[in-house]
Amino acid sequence: MARSSSGIVAGLTAAAIAAVGFLGYQASATAPARPPQAAAQEPAPAASPAAAGRQDPAKPAPVPESSGTGVRVVYSLGQKRVWLVGDATQQPQSFAVVPSTVHPKPGTYIVGSRSGAVTGSDGVPIEHVVRFATQEGVAVGFSARVDGTTPEPDPNKKTGGIRMARADGDAMWAFATINSKVVVIP
């Protein structure tokens with residue numbers, strides 16, 4: 001009897017550990033990038049291409065006319081810029097990005113997957129990954145490096161991470177949920 005009871009206890013313990021691990025994963029996928037008090041204490045990252053390309057909120061970059069209608073993320077390959085276009089009552093948000101080495105073709109896509117925090121294909125810890133396309137066998141999506149930098153990608157590697165400043169990554173994460181529309185324009 002003791003032997004079968006210990007087997008049941010071991011099985012229940014293993015099931016409980018698996019359930020806690022799964023719930024932890026779900027929580028990490030929906031958690032904010034940083035607690036508010038941690039964000040306030042972080043030093044400002046050095047200027048980067050994405051941060052330098054931010055628009056003055058008083059003079060936002062206009063949403064390209066060729067980008068469709070409705071609620072959507074617009075990604076301009078040529079301008080290296082993203083717009084988060086909400087409903088008609090919301091001012092679009094826009095910021096510069098650093099493109100990956102693998103580019104999605106112009107067209108309309110749907111956000112298919114998201115990850116709260118992972119290691120990028122370039123080996124760097126990233127957060128708020130919003131994937132919307134596959135090109136040349138590489139998943140393409142928006143993300144921010146955890147260290148806050150936005151260097152140009154290594155041209156010798158096939159990567160699909162369109163990088164942005166952490167604050168912009170926070171905004172993207174909040175805006176582009178599963179099944180959100182992403183319009184890529186030349």
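First, a word on scope: everything that follows refers to the structure included in this document. Owing to the predicted nature of the structure, the values given are computational and were not obtained by experimental measurement. (Residues numbered from 1 in each chain as written. Predicted model: local features only at pLDDT ≥ 70, side-chain atom pairs only at ≥ 80, totals over all residues. Heavy atoms only, no water.)

## A closer look at the overall build of the protein
Part 1 of the reasoning: Across its full length, the protein holds four helices and nine strands.
Part 2 of the reasoning: Counting helices and strands in the order they occur from the N terminus, the protein gives α-α-α-β-β-β-β-β-β-β-β-α-β.
Part 3 of the reasoning: Buried residues in the protein amount to 38% of all 186 residues.
Part 4 of the reasoning: The long-range fraction of contacts in the protein, counting pairs at least 24 apart against all pairs at least 6 apart in sequence, stands at 57%.
Part 5 of the reasoning: Summed over all atoms, the accessible surface of the protein reaches about 10300 Å², with 60% contributed by carbon and sulfur. (Helix = DSSP H or I, 4+ residues; strand = E, 2+ residues; numbered from the N terminus. Buried < 20%, exposed > 50% of the residue type's maximum accessible area, 1.4 Å probe, protein only. Contact = heavy atoms within 4.5 Å. Areas by Shrake-Rupley, 256 points an atom, 1.4 Å probe, with all protein chains shown as cover.)

## Some details on the sheet that holds strand 2 (residues 81–85)
Part 1 of the reasoning: Within the open sheet, the five strands sit side by side as 3-2-1-9-4. Their pairing is mixed. The open sheet has two edge strands, strand 3 (93–96) and strand 4 (107–110), and neither has a second partner. Between one strand axis and the next, the sheet turns by 20 degrees as a mean value, whatever way the strands run.
Part 2 of the reasoning: With four bridges connecting them, strand 4 and strand 9 (residues 181–185) associate as antiparallel partners. Within strand 9, the position partnered with isoleucine 110 by the bridge is lysine 181.
Part 3 of the reasoning: Of the strands in this sheet, strand 1 (72–76), strand 2 and strand 3 are in contact with helix 4 (residues 166–175), which crosses strand 2 at around 40 degrees. (Pairing = 2+ DSSP bridges. Axes fitted to C-alpha atoms, helices over the stretch in contact; angles between N-to-C directions.)

## Observations regarding the nonpolar core
Part 1 of the reasoning: Counting 24 residues, the largest nonpolar core has Val73, Val82, Phe132, Phe142, Met172 and Val182 as its most contacted members.
Part 2 of the reasoning: When residues of this core are traced back to their parent elements, those giving at least two are strand 1, strand 2, strand 6 (125–135), strand 7 (138–145), helix 4 and strand 9.
Part 3 of the reasoning: Excluding anything up to four places from it in sequence, phenylalanine 142 contacts Val73, Tyr75, Val82, His128, Val129, Val130, Phe132, Ile162, Met164, Met172 and Val182.
Part 4 of the reasoning: By size, the runner-up hydrophobic cluster in this structure holds six residues, among which are Ala61, Val85, Val183 and Ile185. (Core = buried A, V, L, I, M, F, W, Y, C linked by side-chain atoms within 4.5 Å.)

## As for the pairing of strand 9
Part 1 of the reasoning: Among the five residues that make up strand 9, four are buried, leaving the element largely enclosed by the rest of the structure.
Part 2 of the reasoning: For strand 1 and strand 9, the ladder comprises four bridges, and the chain directions are parallel. Pairing of serine 76 across the sheet is with isoleucine 185, part of strand 9.

## With respect to the packing of aromatic side chains
Part 1 of the reasoning: With the rule as written, the count across this model stands at three aromatic pairs.
Part 2 of the reasoning: Ring centres of tyrosine 75 and phenylalanine 142 lie 5.8 Å apart, and the angle between their planes is 85 degrees; on these two criteria the pair is classed as edge-to-face. Residue tyrosine 75 is found in strand 1, and its partner phenylalanine 142 is found in strand 7; the two are separated by 67 residues along the sequence.
Part 3 of the reasoning: Ring centres of tyrosine 109 and phenylalanine 132 lie 5.6 Å apart, and the angle between their planes is 70 degrees; on these two criteria the pair is classed as edge-to-face. Separated by 23 residues along the polypeptide, tyrosine 109 in strand 4 and phenylalanine 132 in strand 6 bring together distant segments of the chain. Each member of the pair, tyrosine 109 as well as phenylalanine 132, is classed as buried. (Phe/Tyr/Trp six-rings, centres within 6.5 Å; stacked < 30°, edge-to-face > 60°.)

## Side note on the layout of surface pockets
Part 1 of the reasoning: Estimated volume of the second largest pocket: approximately 150 Å³.
Part 2 of the reasoning: Along the walls of the second largest pocket sit 15 residues, with Ser121, Ile126, Val129, Ala139 and Gly161 positioned nearest its centre.
Part 3 of the reasoning: For the lining of the second largest pocket, the elements supplying multiple residues, two or more each, are strand 5 (113–119), strand 6, strand 7 and strand 8 (161–163).
Part 4 of the reasoning: For the lining of the second largest pocket, the residue count by class is six nonpolar, seven polar and two charged. (1 Å grid on protein atoms, 1.4 Å probe; cavity = no way out; pocket = protein on both sides within 12 Å on 5 of 7 lines; lining within 4 Å. Points joined across faces, edges and corners; volume = space filled by probe spheres on them. Nonpolar A, V, L, I, M, F, W, Y, C, P; charged D, E, K, R; others polar.)

## Observations regarding the side chain of arginine 72
Part 1 of the reasoning: Among the secondary structure elements, arginine 72 is positioned in strand 1.
Part 2 of the reasoning: Within the buried set, arginine 72 has no salt-bridge partner at all; the shortest N-O distance to an opposite charge, 10 Å, is to glutamate 65.
Part 3 of the reasoning: Reaching out from arginine 72, the side chain makes a polar contact with the backbone oxygen of serine 67 at a distance of 2.9 Å.
Part 4 of the reasoning: A polar side-chain atom of arginine 72 sits 3.0 Å from the main-chain carbonyl oxygen of glycine 68.
Part 5 of the reasoning: Excluding residues that lie within four positions of it along the chain, arginine 72 makes contacts with Val63, Ser67, Trp83, Leu84, Val85, Phe175, Lys181 and Val183. (Lys, Arg positive; Asp, Glu negative; His and termini not counted. Salt bridge = Lys/Arg side-chain N within 4 Å of Asp/Glu carboxyl O. Polar contact = N/O pair within 3.5 Å; in protein donor to acceptor, adjacent residues only side chain to side chain.)

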